[in-house]
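Geometric and topological summary
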Amino acid sequence: MLSVLKNNFLKGVKKMKRVYNFSAGPAVLPEEVLREAADEMLDYKGSGMSVMEMSHRSKVYDEIIKDAEKDLRTLMNIPSNYKVLFLQGGAHMQFAQVPMNLMKNRKAGYIVTGQWATRAYKEAQKFGEAVELASSKDKTFSYIPDCSDLPITDDMDYIYICENNTIYGTVFHELPNTKGHILVSDQSSCFLSKPVDVTKYGIIYAGAQKNVGPAGTVIVIIREDLIPDEETTHVLPGTPTMLMYKTQADNDSLYNTPPTYGIYMCGKVFKWLLKNGGLEAIYKKNVEKANLLYDYLDNSKLFTGTVVKKDRSLMNVPFIVDPKVITDDEKRAELEAKFIKESKAAGLENLKGHRSVGGMRASIYNAMPKEGVIALINFMKKFEEENL
Ligand SMILES: *Cc1c(COP(=O)(O)O)cnc(C)c1O
């Protein structure tokens, strides 16, 4: 019975059509990983149950979460004085959890480079003094401000950045000079896209749904000495047990039921990355894909990128119909709507820009194959010929 069900299920999976999904998140995952998960859906490694159905305290699940942590440590070369936590609540929960746990002096510096950084900055104001150290709001967040000599004061508990700005398509190619202060980075949309030196950070966190797995899991990498002790230094009286890093760190992310299936999927993506040469290898591929698309945009007569060249993201590529070419606002909006409609019909999905900025955006995360980027460029070339 079980095997009949399983075979029917897999047949269904094999028949399915896959599109090139340029969504910013939840986003494309490696097809190989999805197939493996489908294969294990009804019976995970002879357990007779799905990973969704098993106890988070079981031996079989323990291996899944331990493996995920071990593989992530290998991939990122995470030093032993950093804890890896698998939590819930998305990136937004970290907007609060970071200041609740780290604002000893009730003061921190924020570099405001987009919507997510703004949200984090505003949330921190609930807990203390959040100081805007720099911002790129003056030019619709189309660049990364100079962060070589920020007005950082000694009493700031940490300096906060959103490393890759998913909506606007900018990235910190160079980390800010924090003048010796702890750096906290939201890496949600660039996590595992390139090698990073973990020792430069106090906290790295990332919502899984952009580059590593399903929504519902957020990964936090935190230097051990920053985890406040519940009795003494933890800052905000009344911080819920669940929101103290110490609670999860002391219990290896198993204080309560963690997002079990999400962690399992992240673990599979970690293995996929390791098997394909780790972060150096994926970085090379990401650079190659992004260069193809940016080169096309730089030479296109109809489309143009919206970001200052030196700050371009490898992951999120926003573009518009060039207002210098099509000067009429209405005509431009019409063309963009047509582009989104026709690209969808051609199997290129989710190219609409974020609702706050409009235009188009291609998110080309780790799991987007080079063929997908080439298909997009070919479609854009054709569209250009037909509409110019
Ligand atoms: C998507 C995103 C967020 C918001 O993530 P949620 O999981 O919805 O809270 C925050 N920061 C960055 C960089 C993002 O890309």
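Above this text you will find the structure in question.
Overview of the structure. (Residues numbered from 1 in each chain as written. Predicted model: local features only at pLDDT ≥ 70, side-chain atom pairs only at ≥ 80, totals over all residues. Heavy atoms only, no water.)

1. Remarks on the site of the ligand
Taken together, 13 residues lie around the ligand, and H92, T166, D186, Q209 and K210 are the ones closest in. Within the contact set of the ligand, an oxygen atom lies 2.5 Å away from a side-chain nitrogen or oxygen of H92. Here an oxygen atom of the ligand sits 2.8 Å away from a polar atom, N or O, in the side chain of Q209. Burial of the ligand by the surrounding chains reaches 87%, relative to a free accessible area of 390 Å². Counting residues per element, the shell around the ligand draws most heavily on helix α4 (residues 90-102), at four residues. Residues that form the shell around the ligand fall into these classes: four nonpolar, seven polar and two charged. (Near = heavy atom within 4 Å. Polar contact = N/O pair within 3.5 Å; in protein donor to acceptor, adjacent residues only side chain to side chain. Areas by Shrake-Rupley, 256 points an atom, 1.4 Å probe, with all protein chains shown as cover. Helix = DSSP H or I, 4+ residues; strand = E, 2+ residues; numbered from the N terminus. Nonpolar A, V, L, I, M, F, W, Y, C, P; charged D, E, K, R; others polar.)

2. Section: the sheet that holds strand β14 (residues 360-363)
What the three strands build is an open sheet, ordered β11-β12-β14; its pairing is antiparallel. Each edge of the open sheet is held by one strand with a lone partner, namely β11 (303-305) and β14. Across this sheet, the average inter-strand angle for adjacent strands is 35°, counted without regard to direction. Judged from the four bridges that link them, strand β12 (residues 316-321) and β14 form a sheet pairing that is antiparallel. The partner of N316 across the bridge, within β14, is S363. Packing of helix α8 (residues 278-299) onto the sheet brings it into contact with β11, β12 and β14, and relative to β12 it is tilted by some 20°. Each of β11, β12 and β14 touches helix α9 (residues 329-345); the most contacted strand, β12, lies at about 130° to it. (Pairing = 2+ DSSP bridges. Axes fitted to C-alpha atoms, helices over the stretch in contact; angles between N-to-C directions. Contact = heavy atoms within 4.5 Å.)

3. Observations regarding the pattern of salt bridges
Evaluation of the coordinates by the stated rule reveals 23 salt bridges. One salt bridge in this structure joins E36 and K268, with 2.8 Å as the shortest N-O distance. Of the two residues, E36 is situated in helix α2 (residues 31-39) and K268 in helix α7 (residues 260-275); the sequence distance between them amounts to 232 residues. By relative accessible area, which is 34% here, E36 ends up partly exposed. Classification of K268 by relative accessible area gives buried; the value is 11%. Notably, a salt bridge pairs K268 with E40, separated by 2.9 Å at the nearest N-O pair. Here K268, found in helix α7, pairs with E40, found in the loop between α2 and α3 (59-76); they are 228 residues apart in sequence, far enough to count as distant. Comparing K268 with E40 shows no difference in burial state: the two are buried. Within the structure, one salt-bridge network assembled from shared partners comprises D67, K70, D71 and K271. (Salt bridge = Lys/Arg side-chain N within 4 Å of Asp/Glu carboxyl O. Buried < 20%, exposed > 50% of the residue type's maximum accessible area, 1.4 Å probe, protein only.)

Structural measurements only, silent on function.
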